Amino acid sequence: MKRPAIIFISFFCSLLYYNCNKAEDLSNDFFSAVVLQEGRDCGDTFLIDFNEDVSSVTGDTTTIYYANALPSEYKVEGINIKIRFRLLSEEELFACFTSGIPFPHIVVTEVK
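Rules behind the numbers
Residues numbered from 1 in each chain as written. Predicted model: local features only at pLDDT ≥ 70, side-chain atom pairs only at ≥ 80, totals over all residues. Heavy atoms only, no water. Buried < 20%, exposed > 50% of the residue type's maximum accessible area, 1.4 Å probe, protein only. Helix = DSSP H or I, 4+ residues; strand = E, 2+ residues; numbered from the N terminus. Pairing = 2+ DSSP bridges. Axes fitted to C-alpha atoms, helices over the stretch in contact; angles between N-to-C directions. Phe/Tyr/Trp six-rings, centres within 6.5 Å; stacked < 30°, edge-to-face > 60°. Lys NZ or Arg CZ within 6 Å of the ring centre and 35° of its normal.

Draft legend 1. A look at the pairing of strand S2 (residues 46-50). Burial analysis of S2 places 4 of its 5 residues in the buried class, the great majority of the element. Pairing geometry for strand S1 (residues 31-38) and S2, over 5 bridges, is antiparallel. Looking across to S2, one finds that glutamate 38 is bridged to phenylalanine 46. Pairing between S2 and strand S3 (residues 64-68): 4 bridges, direction antiparallel.

Structure representation (structure tokens):
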């Protein structure tokens, strides 16, 4: 393989690694949201609506998400919360849309 190709591939892999880690670092911030209601077809998973733009972390333009791992004391419709969260890993991906809108999922890591 020629040297320029090796340099390009190395640069591309480094850029990809940096961008993936950057998204995880952004989720260390607290984001304000309101708890909406229990999801219709995802067990006891509640829907939350962010009061601010989280697209830089999620890569999605929606503000409504299923909040996996939301502690039970915060599963109250209409309360305002501040959360830290992460995206689901590839092994955790699943969808709940047998009835209703298929909202994306996040995993709550901390609430206040």
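There is more to say, and it comes next.
Draft legend 2. Expanded view of the sheet that holds strand S4 (residues 80-87). Taking strand neighbours around the barrel as the criterion, the 5 strands line up as S1-S2-S3-S5-S4 in a closed arrangement whose pairing is mixed. Between one strand axis and the next, the sheet turns through 60° on average, direction left out of account.

Draft legend 3. Looking closely at the packing of aromatic side chains. Scanning the model with the defined rule gives 5 aromatic pairs in all. Taken together, a centroid distance of 6.4 Å and an interplanar angle of 70° make the contact between tyrosine 66 and phenylalanine 103 edge-to-face. Here phenylalanine 103 lies in the loop between S4 and strand S5 (105-111) and tyrosine 66 lies in strand S3, a separation of 37 residues in the sequence. Residue tyrosine 66 is classed as buried on the basis of its relative accessible area of 2%. Following the ring pairs from residue to residue traces out a cluster consisting of Phe31, Phe50, Tyr65 and Phe85. Looking at lysine 112, its charged tip hangs above the ring of phenylalanine 30, at a distance of 4.3 Å from the centre.

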